[in-house]
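# Structural characterization, general
The chain contents come next:
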Amino acid sequence: MTFYLTTRLMLSGAAFLSLAGSAFALDGQALLTKINAAYSQQGGTIVADGVDVDGTTVTLKKASFKANSGEAVQIGDITMKGVEEDEDGGYYVEEASFPNISATNEGSTFTATDLTLSGISIPADPKGEGLDSMLLYESAHSGPVKVVQNGAELFSLAESDMNLTLREDESGFDFDGAFKGLKADLSKTTDAQSKEAIDKLALQHVQGDITMKGAWELTPGTIDVSEFAFDFNNIGKLNLAFKISGYTMPFIKSLQEAAKQAEANQNKEEAQQALGLSMLGLMQQLSFESAQIRFDDASITKRALDYAGSQQNISGQQMADSLKAMTPIMLAQLNIPELQNAISAAVSTFLDNPKNLTLAAAPAKPVPFPMIMGAAMGAPNTLPQVLGVKVTAND
C-alpha cells in the first residue's frame with residue numbers, strides 16, 4: 001500500500017511539473033510579434049519561416065528583414081538565448097546571434113562575422129511614452145568585416161562594439177562605441193589623377209580607429225555627443241562634438257509617426273513634401289547648446305601643402321604663405337570682422353606649426369533652432385555672434 005501511494009505521488013508530481021513547464025513555456029510567435037510591434041516603429045519587420053523554442057532559447061528560422069517600404073533582405077537563422085518574459089508582457093533577451101554575412105557583387109565580396117546583440121529589452125507596448133516602450137539593447141558587437149575585390153583586400157575592420165548604459169535613476173543613457181583596426185587599401189586606385197594625389201599624400205594604406213562617446217538625458221531631451229573621433233595613423237584625429245536639447249520621447253514618437261505616414265502615402269512626391277514640413281515643425285522643439293570641430297594633425301597638413309603647391313609649381317611653404325594671405329581677403333566678404341580676425345590668426349598659427357585647429361560654438365544659453373534658421377536666412381553675418389563661435393589653433 002505504501003509503495004502504491006508513493007508511486008501515485010511521484011506520478012502526480014511529475015504530471016504537475018510537466019503541466020507547469022508547459023504553462024510557462026515561451027511562446028516564440030508571441031515573442032516575434034512583440035519584436036515586430038516595436039521594430040515597425042523604426043521602419044521594418046522581421047519575417048521568419050519558423051520559430052523554434054528550446055527552453056530559454058528561441059531561434060527564428062530563415063529570417064529576413066523587410067523595410068516598411070522595400071524588398072526583404074535575407075538574414076538566416078537568428079538565435080536568441082536567455083529569453084525571459086516580463087510580468088507586463090515584454091521580453092528580455094540575454095544575447096541574439098546572427099549568421100555570418102557573405103555577399104558578392106560585381107567581383108567584390110563583403111563579409112562580416114561574429115554579429116551579436118546583448119541585453120535586448122523588447123517592450124510590451126511600443127506605443128507608450130516611457131522607456132519601457134522602446135526596443136533597446138545594452139551592447140552590439142561585430143567581429144572582422146572585410147571587402148575583397150579580385151583577391152585583394154580593399155577594406156577591413158577588426159571589430160566593433162557599441163554600448164548603451166541606463167543610469168540607475170533611469171534619467172537617461174550613457175553610450176560609447178568603437179570601430180577598431182580599420183584599414184583601407186587605396187593603392188589599387190586606377191584613376192591617374194586620384195592615384196597621384198594618394199601617392200603624394202602617402203595615403204596608399206590608411207589605418208586607424210573610430211570612437212564615440214555621449215549621453216542622453218530623457219526629460220530635457222539633451223543629447224551630448226562629447227566624442228565622435230576619426231583617428232588615423234600619419235594623418236590626424238578629427239573629433240566632432242555637439243549638444244542639443246529637446247530630443248525627448250514625445251519628439252521621437254512624433255518623428256516615427258511622421259515617417260510612418262509618409263511611407264503609407266502612395267504618392268511619394270507628396271509624401272516627401274509632407275515629411276519635410278513635419279520635420280520643419282518638429283525642429284522647432286530643438287535647441288542648440290554647443291558644438292566643436294577639432295583637428296589634431298599627424299603630418300598630413302605638410303604633405304597636403306606640398307601637394308597643393310606642386311600643382312601650382314610652388315613649394316609647400318609658399319602655398320602656406322599664400323593661404324595665410326588669402327584667408328582675411330576671403331573672409332572680408334562675410335562682414336564678420338571679429339571672427340574674421342580670429343580665424344585669420346588661427347589659420348596663420350596652424351600653418352606655421354601644424355598642431356591642432358579648433359572651431360567651437362558655445363552660446364551663453366541654448367538657442368532654439370528656428371532662431372538659427374531665421375538668422376541664417378535674414379542676417380547670416382550675425383550667426384557667429386548668436387552661436388558664440390570661436391576659432392583657435394595649437395591650444
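From a predicted model like this one, the values you see are computed outputs, not experimental measurements.

Turning our eyes to something else, we now look at the overall build of the protein. When helices and strands are counted, the protein shows 10 helices and 20 strands. Expressed as lengths along the three principal axes of its C-alpha atoms, the size of the protein is roughly 110 × 50 × 45 Å. Burial analysis of the protein (395 residues in total) assigns 33% to the buried set. Here the contacts in the protein between residues at least 6 apart in sequence split such that 54% fall between residues at least 24 apart. A total accessible area of about 22,900 Å² is found for the protein, and carbon and sulfur atoms account for 57% of it.

What follows covers helix α9 (residues 369-378). An α-helical turn contains 3.6 residues, so a residue and the one three or four places further along point in the same direction. Within the sequence span of α9, burial applies to F369, I372 and A375. Along the long axis of α9, the arc covered by the buried residues comes to 125 degrees, so they all point the same way. Pointing more than 90 degrees away from the buried face of α9 are the exposed residues M377 and G378. In this structure, the buried residues of α9 make contact with β16 (236-245), α5 (268-283), β17 (287-297), β19 (367-368) and α10 (383-387).

Here the focus is the layout of surface pockets. In this structure, the largest pocket encloses a volume near 1,200 Å³. If you trace the largest pocket, you find 40 residues lining it, with Y39, Q42, L117, L135 and Y137 closest to the centre. The set of elements that each furnish at least two residues to the lining of the largest pocket consists of α2 (28-39), β3 (57-67), β4 (72-85), β5 (91-98), β8 (115-122), β12 (159-166), β13 (172-185) and α4 (249-264). A per-element tally of the lining of the largest pocket places β4 first, with 5 residues.

A few words on the packing of aromatic side chains. Tallying each qualifying case throughout the model produces 5 aromatic pairs. When the centroid spacing of 5.1 Å and the interplanar angle of 45 degrees are considered together, the rings of F228 and F230 count as tilted. On the basis of relative accessibility, which here comes to 31%, the residue F228 falls in the partly exposed class. F230 sits in the partly exposed class, given a relative accessible area of 25%. With a centroid separation of 5.3 Å and an interplanar angle of 50 degrees, the aromatic rings of Y247 and F251 are classed as tilted.

Pairing of β3 with β4 involves 7 bridges; the strand directions are antiparallel. Each residue of the ladder has a partner; that of V58, found in β4, is M80. Hairpin connection from β4 to β5: 5 residues lie between these consecutive antiparallel strands, with G89 at a positive phi of about 100 degrees.

Another aspect to go through is unusual backbone geometry. Positive phi, close to 45 degrees, is recorded for K62, a residue that is not glycine. As for its position among the elements, K62 is in strand β3. Here the phi dihedral of E106 falls at roughly 50 degrees; this positive angle occurs in a residue that is not glycine. In this structure, E106 sits in the loop between β6 (101-105) and β7 (108-112).

Next up on the list: α4. Given a rise of 1.5 Å per residue, 16 residues ought to cover 22 Å, and the 23 Å separating the end C-alpha atoms of α4 matches this to within 8%. Taken together, the buried positions of α4 are M249, F251, I252, K253, Q256, A258 and A262. Check the buried side of α4 and you find it contacts β14 (205-217) and α5.

On to the pairing of strand β9 (residues 139-142). Residues A140 and S142 point to one face of β9 and are all buried, whereas S139 and H141, pointing to the other face, are not buried. Pairing of β8 with β9, which is carried by 3 bridges, proceeds in the antiparallel orientation. Paired with L117 across the bridge in β9 is A140.

What follows deals with the domain arrangement of the protein. Segmentation of the protein into domains returns domain 1 (25-102 + 116-139) and domain 2 (314-393). Using C-alpha coordinates to define each centre, domain 1 is positioned 48 Å away from domain 2.

What follows covers the confidence of the model for the protein. When the pLDDT values of the protein are averaged, the result is 89; 93% of them are 70 or greater. In the predicted structure, residues 1-23 sits below a pLDDT of 50 and forms 0 contacts with residues beyond four places in sequence or in another chain.

Among the secondary structure elements, S160 is positioned in strand β12. Taking the C-alpha atoms as reference, S160 lies 5.6 Å from A178; in sequence the two are 18 residues apart. Contact partners of S160, with chain neighbours within four places excluded, come to A140, H141, S142, A178 and F179.

Describing two packed helices takes the angle between their axes plus the distance from one axis to the other. In the contact formed by α4 and α5, the axes pass within 8 Å of each other and the chain directions differ by 170 degrees. Viewed along their axes, α4 and α5 adopt a mutual orientation that is roughly antiparallel. Seen from above, α4 lies across α5 with right-handed handedness. Counted together, F251, S254, L255, A258, A259, A262 and E263 of α4 and K268, A271, L275, S278, M279 and L282 of α5 form the full contact between these two elements. Of the residues contributing to the contact of α4 with α5, the split by class is 9 nonpolar, 2 polar and 2 charged.

Conventions and cut-offs
- Residues numbered from 1 in each chain as written.
- Predicted model: local features only at pLDDT ≥ 70, side-chain atom pairs only at ≥ 80, totals over all residues.
- Heavy atoms only, no water.
- Helix = DSSP H or I, 4+ residues; strand = E, 2+ residues; numbered from the N terminus.
- Buried < 20%, exposed > 50% of the residue type's maximum accessible area, 1.4 Å probe, protein only.
- Contact = heavy atoms within 4.5 Å.
- Areas by Shrake-Rupley, 256 points an atom, 1.4 Å probe, with all protein chains shown as cover.
- Arc of directions from axis to C-beta.
- 1 Å grid on protein atoms, 1.4 Å probe; cavity = no way out; pocket = protein on both sides within 12 Å on 5 of 7 lines; lining within 4 Å.
- Points joined across faces, edges and corners; volume = space filled by probe spheres on them.
- Phe/Tyr/Trp six-rings, centres within 6.5 Å; stacked < 30°, edge-to-face > 60°.
- Pairing = 2+ DSSP bridges.
- Expected span 1.5 Å × (residues − 1).
- Domains from an automatic or database assignment.
- pLDDT = per-residue confidence, 0-100.
- Axes fitted to C-alpha atoms, helices over the stretch in contact; angles between N-to-C directions.
- Parallel < 35°, antiparallel > 145°, perpendicular 65-115°, else oblique.
- Left-handed = near helix turned anticlockwise from the far one by under 90°.
- Nonpolar A, V, L, I, M, F, W, Y, C, P; charged D, E, K, R; others polar.

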